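# An overview of the molecular structure
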Amino acid sequence: MGFCGRIKREKELDYKKLQERMVKDQLIRRGIRDKKVLAAFYKVRREKFVSSELRRQAYEDFPLPIGEGQTISQPYMVALMTQSLELKGHEKVLEIGTGSGYQTAILAELSQEVYSVERIKSLAQKAQRLLKRLGYNNIKIFSGDGTLGWKECSPYDRILVTAGAREVPLSLIEQLKEKGIMVIPIGNLYSQDLKVIKKKKDGIRSVTVEKCVFVPLIGKYGWEESTING
Ligand code: SAH
């Protein structure tokens, strides 16, 4: 083997090591136990979802900028949200806030099909190209206001919102199947409670599983853009 090949292989090996360490130190240590969720985190390469300058930090314990003032969420938060969805593999999932597409890929590994809505068109397009290149064919991405959900394809078994909301958008409750689960950060602009909401025959039941900080959910049933900018 030539010199170049060897260097390339060593580089790949490094990321694999960082990825394994991330799973052990950040996820397992903090109580992520679902074996399938952990397997998805061993499989999806996070460095592919960040820009080349940030690639070396891809497995660090914090969110990273992805452009347009948005972030790829901290690995632990992605894992906790995913575990809270209790996916078995047959579900139709709606994600609001595609961002880098990393969480979308994790969901696609663990469910039947993923519908993902992103309000910033350039991010939606970038994620779509990347996910296609990585071989996912069970993901559909739409650019628009996710606080309205994605009605045409509803109802969903699971809904995940990856931006901070002021309250649960009614449209999302409506598009969730009975016995379905929604995971959503609810709070003010600076801190939120990660809520796990179960839809029952007689209403919804909600528990808080963690404190968190997400970029704001902006839209008709979220924050107004003018509140954020000024
Ligand atoms: N899961 C993503 C998180 C990205 S940050 C990742 O890990 O990469 C949250 C994303 O939600 C941002 O890209 C932001 O543009 C998007 N967002 C905010 N409000 C939205 C809305 N109303 N509809 C769809 N996407 C929204």
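Residue positions within a chain follow its written sequence, with the count starting from 1. Residues qualify for local features only when their pLDDT is at least 70, as the model is predicted, and side-chain atom pairs are given and counted only at 80 or more; totals for whole chains, interfaces and linings, by contrast, use all residues. Computation of side-chain values: all heavy atoms of the structure, hydrogens and water removed.

## Describing a positive patch on the surface
Rules: Patch definition: residues above 30% relative accessible area lacking any salt bridge, with like charges linked at up to 9 Å and the nonpolar side chains Val, Leu, Ile, Met, Phe, Trp and Tyr linked at up to 5 Å. Each accessible area is a Shrake-Rupley estimate made with a 1.4 Å probe; only the visible protein chains count as cover when residues are assessed. We define a salt bridge as a contact between a side-chain nitrogen of Lys or Arg and a carboxyl oxygen of Asp or Glu at a distance within 4 Å. Neither His nor the chain ends contribute to the count of charged residues, in which Lys and Arg are positive and Asp and Glu negative. Lys charges are placed at NZ, Arg charges at CZ, Asp charges at CG and Glu charges at CD. Where helices and strands are cited, they refer to DSSP runs of H or I of at least four residues and of E of at least two residues respectively, numbered from the N terminus. Accessible area is worked out with a 1.4 Å probe on protein chains only. A residue is then buried under 20% of its type maximum, exposed over 50%, and partly exposed in between.
Taken together, the side chains of Lys 48, Lys 126, Arg 129 and Arg 133 make up a positively charged region of the molecular surface. When you line up the elements, Arg 133 lands in helix H5 (residues 121-133). In this structure Arg 133 comes out as exposed when scored by relative accessible area, which is 66%.

## A closer look at helix H2 (residues 35-43)
Basically, it comes down to this: The arc refers to the directions leading from the helix axis to the C-beta atoms. We call two N or O atoms a polar contact when they sit within 3.5 Å, provided that within protein one can donate a hydrogen and the other can accept it, with sequence-adjacent residues counted only if both atoms are side-chain atoms.
Burial in H2 covers these residues: Val 37, Leu 38, Ala 40 and Phe 41. Projected down its long axis, H2 carries its buried residues within an arc of 155 degrees, all on one side. Residues Lys 35 and Lys 43 are exposed on H2 and point more than 90 degrees away from its buried face. Looking at where H2 begins, the residue whose side-chain oxygen comes 3.0 Å from the main-chain nitrogen of Lys 36 is Asp 34.

## Some points on the side chain of Thr 162
In plain terms, the rule: Here a residue-residue contact requires only that any non-hydrogen atoms of the pair lie within 4.5 Å.
Along the chain, Thr 162 turns up in the loop between strand S6 (156-161) and helix H6 (170-174). Judged by its relative accessible area of 11%, Thr 162 falls in the buried class. Engagement of the side chain of Thr 162 in a polar contact is seen with the backbone oxygen of Gly 97, the distance being 2.8 Å. Other than its neighbours up to four places away in sequence, Thr 162 contacts Met 81, Glu 95, Ile 96, Gly 97, Gln 103 and Phe 214.

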